[in-house]
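Structure assessment
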Amino acid sequence: MLEDTEWLSDFAFFKDLLNHMNNLNVRMQGKNQFIDDIWAHLKVFKLKLNLFAGQLAKNDLSHFSRLNSIPSVNKEKLKNYEDGLKKLHFEFESRFQDFSAIQTELDIFTKPFNVNCEAVRSDFSLN
């Protein structure tokens, strides 16, 4: 298996991807994180997935160091990885759509001076 470049490229890609996902996991942990902090980490990761897919489309492996260490990665494999990243992005979009739905409510606490007071739910207003 260690001489099969196709298997090695798959292994390297998934190792790099899991490293990126582990970094997200670590950022989302810890004390004193407001829900908007967690949502910000998720939004950044979704942007990174788009960035990574775009870079793979251009044969740019700068964010995939292990995959970059494989001597000759098949172009078809890179297209499969790109498609996989797009599917993962879609999964993140669908699984965390509840955060998008409450973005306005989150903005009340994180950007209070940018919120339209007329648009605030009545149960968030002062009595």
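Residues numbered from 1 in each chain as written. Predicted model: local features only at pLDDT ≥ 70, side-chain atom pairs only at ≥ 80, totals over all residues. Heavy atoms only, no water.

Let's talk about the nonpolar core
One finds F13, L56, L67 and L85 to be the most contacted residues of the largest nonpolar core, which totals 23 residues. For this core, the elements supplying multiple residues, two or more each, are α1 (5-28), α2 (35-57) and α4 (75-95). Ranked by the residues each element gives to this core, the list is headed by α2, at seven residues. (Core = buried A, V, L, I, M, F, W, Y, C linked by side-chain atoms within 4.5 Å. Buried < 20%, exposed > 50% of the residue type's maximum accessible area, 1.4 Å probe, protein only. Helix = DSSP H or I, 4+ residues; strand = E, 2+ residues; numbered from the N terminus.)

Regarding helix α6 (residues 103-110)
For an α-helix, the turn length of 3.6 residues means that residues three or four places apart are oriented alike. Among the residues of α6, Q103, E105, L106, D107 and I108 are the ones counted as buried. In this fold, the buried residues of α6 make contact with α2 and α5 (97-101). (Contact = heavy atoms within 4.5 Å.)

Describing the confidence of the model for the protein chain
Overall, the predicted model of the protein chain reaches an average pLDDT of 87, with 94% of residues at or above 70. Of all helices and strands in the protein chain, the one with the weakest mean pLDDT is α6 (74), whereas α4 scores best (95). (pLDDT = per-residue confidence, 0-100.)

Regarding the environment of D60
Mapped onto the elements, D60 comes out in the loop between α2 and α3 (65-68). Residue D60 is classed as partly exposed on the basis of its relative accessible area, which comes to 30%. For the pair D60 and E91, spaced 31 residues apart in sequence, the C-alpha to C-alpha distance is 24 Å. One polar contact links the side chain of D60 to the main-chain amide nitrogen of S62, over a distance of 2.9 Å. (Polar contact = N/O pair within 3.5 Å; in protein donor to acceptor, adjacent residues only side chain to side chain.)

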